[in-house]
Amino acid sequence: MKIVVCVKHVPDIQSERMIGDDGRVMRDGGDGTLNELDENAVEAALVLAETHGGAVVVLTAGPADAVDAVRRGLQMGADEAVHVLDDALAGSDVFGTAAVLAAAIRVIEQEGPVDLVVTGMAALDGLTSMLPAALAADLGLPQLTLASSIEAEVGPNGARVTVRRELDHATEVLSAATPALLSVTDQANEPRYPNFKGIMAARKKAVTTLTLADLGIDPATVGTSGSRTRVLSATARPARENRVLIIDNGDAGRILAAYLVDNKLV
Ligand SMILES: Cc1cc2nc3c(=O)[nH]c(=O)nc-3n(C[C@H](O)[C@H](O)[C@H](O)COP(=O)(O)OP(=O)(O)OC[C@H]3O[C@@H](n4cnc5c(N)ncnc54)[C@H](O)[C@@H]3O)c2cc1C
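What counts, and where the lines are drawn
- Each residue is numbered by its place in its chain's sequence as written, counting from 1.
- At least 70 in pLDDT is required for a residue's local features to be given in this predicted model, at least 80 for side-chain atom pairs to be given and counted, and no such filter applies to totals for whole chains, interfaces and linings, which use all residues.
- Axis definition: a line fit to C-alpha positions, over the contact stretch in the case of helices; interaxial angles, taken between N-to-C directions, run 0 to 180 degrees.
- By the criteria applied, helices consist of DSSP H or I runs no shorter than four residues and strands consist of E runs no shorter than two, each listed in order from the N terminus.
- Oblique is the label for any angle not covered by the other classes, which are roughly parallel (under 35 degrees), roughly antiparallel (over 145) and roughly perpendicular (65 to 115).
- In this scheme the handedness of a crossing depends on how the near helix is turned from the far one: anticlockwise by less than a right angle means left-handed, clockwise means right-handed.
- Note on contacts: each residue gets a C-beta atom placed from the backbone, and two residues are in contact if those atoms are within 7 Å.
- Classification convention: Asp, Glu, Lys, Arg as charged; Ala, Val, Leu, Ile, Met, Phe, Trp, Tyr, Cys, Pro as nonpolar; all other residues, Gly among them, as polar.
- Placing the C-beta atom from the backbone, one calls a residue near a molecule or strand if that atom lies within 6 Å of it.
- Partly exposed residues are those whose C-beta has more than 12 but fewer than 20 other C-beta atoms within 10 Å; 20 or more makes a residue buried and 12 or fewer makes it exposed, with C-beta atoms placed from the backbone.
- By convention a crossover is right-handed if, when the strands point away from the viewer, the path from the first strand over the helix to the second runs clockwise.
- Each pair of strands is called paired provided DSSP finds at least two bridges between the two strands.

**Details of the packing of helix H3 (residues 94–108) against helix H4 (residues 131–139)**
So, step 1. Where H3 meets H4, the closest approach of the two axes is 9 Å, and the angle between their N-to-C directions is 50 degrees. As the angle between them shows, H3 and H4 are arranged oblique. Remark: the crossing between H3 and H4 carries right-handed chirality. The segment H3 lies against H4, with Val94, Phe95, Thr97, Ala98, Ala99, Leu101, Ala102 and Ile105 engaging Leu131, Ala134, Leu135, Asp138 and Leu139.
So, step 2. Taken together, the residues that form the contact of H3 with H4 break down as 11 nonpolar, one polar and one charged.

Pasting the structure below:
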C-alpha cells in the first residue's frame, strides 16, 4: 500500500499571530511547526503501512521552513518526503493549494500507484477543513473525511478502507475501495513521539524538492494572482481590557471565590 500524507507547516499556536498589510497571516516568523493535527494523519498512515505493508510519503507545499514539517514526518517513520517549494506559491488559496498537492501526488504516482491520500482534519492556522475535499475533487477520489477510526482490508483485487465518523447524534460508517482520500481526526489515534532511532534514520532520508515547473503548473494559476478568493480585511484581536490578575500570596483562592460571587459568575 502506498500512502501519501499531506502535512502543513503552520505558525506555532502558542505564539502571537501576526497579520500583514495584505490581511494575511505572516508566516516568516521562524516559529513554525508541523500542524499538530497532521501528526494524527502520519500516525494513521504508519499504522496502515505497518499492518498491511507499504510505504508512506509525506508531502507539503509551503515556504523553505516547511521542510521541517516533512522532516518531522520522516522522524516519526515515513519513508520519503516531498516538498513543493516555489516563490509563486505565496498567497495561494485552497484551490491553488489543492491543485499543487494534486499535481505533486501525480508526480509521486510515476513511481507506482498511490492507494491512499491522508490528511489531517484541519490546519490550525487556516482552519477551514476545505483542503481535503478540494484535493479529493482534483484527484477524482472518493473522500472519507473526519475519520475517528480507520480499518483497511487488502485483498487480491485491491484494498477497501472503512472509517467511522462521529456526528452529534449518530455515527456514520463509510467505506470505499482504494484509491481514496481520508482525513483523520485527533480521536483516531495517539501520534507516536519520534524516538532517537527515528531521528537518526530521518537524517539519512532525502527530501525531494519540486517546483511549479516540475509539476507543470502555470505560476499565474496559483499564488495571489491565481486565488479565487481575496482577503478583504483582517483586524488584530483587540487587547483584553479589565483583566483581573490575582497574585497568589496564599489567599488567591479566597480572592478568586469572592470575585466570582461579587460578579454573579457562580
Ligand atoms: C487569499 C488567500 C491567500 C492565502 N495566502 C496564503 C499564503 O501565502 N501562505 C499560506 O500558507 N496560506 C495561505 N492561505 C491559506 C491557504 O490557502 C490555506 O492554508 C490552504 O488552502 C489550506 O487551507 P487550511 O489552512 O484551512 O487547511 P485545512 O483545509 O484546514 O487543512 C486540512 C488538511 O489539509 C492538509 N494541508 C493543508 N494545507 C496544506 C499544505 N500547504 N501542504 C500540505 N498539506 C496541507 C493538512 O493535512 C491539513 O490538516 C491563503 C488563503 C487565502 C484565502
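**Examining the site of the ligand**
So, step 1. Near the ligand, the surroundings consist of 35 residues, among which Cys6, Gly120, Gly126, Thr128 and Leu131 are the closest.
So, step 2. Looking at the shell around the ligand, the elements with two or more residues in it are helix H1 (36–52), strand S4 (55–61), H3, strand S6 (116–120) and H4.
So, step 3. Per-class residue counts for the shell around the ligand are 15 nonpolar, 13 polar and seven charged.

**Let's talk about the pairing of strand S5 (residues 80–84)**
So, step 1. Among the five residues that make up S5, five are buried, leaving the element largely enclosed by the rest of the structure.
So, step 2. Going residue by residue along S5, you find Glu80, Val82 and Val84 tucked away on one face and Ala81 and His83 tucked away on the opposite face as well.
So, step 3. Each parallel crossover has a hand, and the one from S4 via helix H2 (residues 67–76) to S5 is right-handed.
So, step 4. As defined by bridge partners, S5 adjoins strand S12 (residues 207–210) across four bridges and the pair is classed as parallel. Note on S12: the bridge partner recorded for His83 is Thr209.

**Side note on the environment of Val173**
So, step 1. On the secondary structure map, Val173 appears in strand S10 (residues 171–177).
So, step 2. Its 11 C-beta neighbours within 10 Å are what place Val173 among the exposed residues.
So, step 3. As a C-alpha pair, Val173 and Pro142 span 31 residues in sequence and 14 Å in three-dimensional space.
So, step 4. Beyond its immediate stretch of four places on either side in the chain, Val173 contacts Thr162 and Arg164.

**What about the sheet that holds S6?**
So, step 1. Within the open sheet, the seven strands sit side by side as S7-S11-S6-S1-S4-S5-S12. Their pairing is parallel. Taken across any chain shown, the strands that pair with only one partner, and hence form the sheet edges, are strand S7 (143–147) and S12. Along the sheet, successive strands turn relative to each other by an average axial angle of 20 degrees, direction set aside.
So, step 2. In the sheet, S7 pairs with strand S11 (residues 180–184) via three bridges, with the strands oriented parallel. Note that in S11 the partner of Leu144 across the bridge is Leu182.
So, step 3. Along the sheet, H3 contacts strand S1 (2–6), S4, S5, S6 and S12; its crossing angle with S4, the most-contacted strand, is approximately 145 degrees.

**Observations regarding the sheet that holds strand S9 (residues 158–166)**
So, step 1. One open sheet accounts for three strands, arranged S8-S9-S10; its pairing is antiparallel. The sheet is open, and its two edges are formed by strand S8 (149–155) and S10, each paired on a single side. Adjacent strand axes in the sheet meet at a mean angle of 15 degrees, parallel and antiparallel pairs treated alike.
So, step 2. Both S9 and S10 contribute to a ladder of seven bridges, which runs antiparallel. Paired with Arg160 across the two strands is Ala177, which belongs to S10.

**Quick look at unusual backbone geometry**
So, step 1. Each neighbour pair has its own omega, and for Thr178 with Pro179 the value is 5 degrees, a cis peptide bond.
So, step 2. Mapped onto the elements, Pro179 comes out in the loop between S10 and S11.
So, step 3. Located in the positive-phi region is Leu127, a residue other than glycine, with phi close to 55 degrees.
So, step 4. Summarising the element assignment, Leu127 is placed in the loop between S6 and H4.
So, step 5. Backbone geometry places Asn242, a non-glycine residue, at a positive phi of 55 degrees.
So, step 6. Along the chain, Asn242 falls in the loop between helix H7 (223–226) and helix H8 (252–262).

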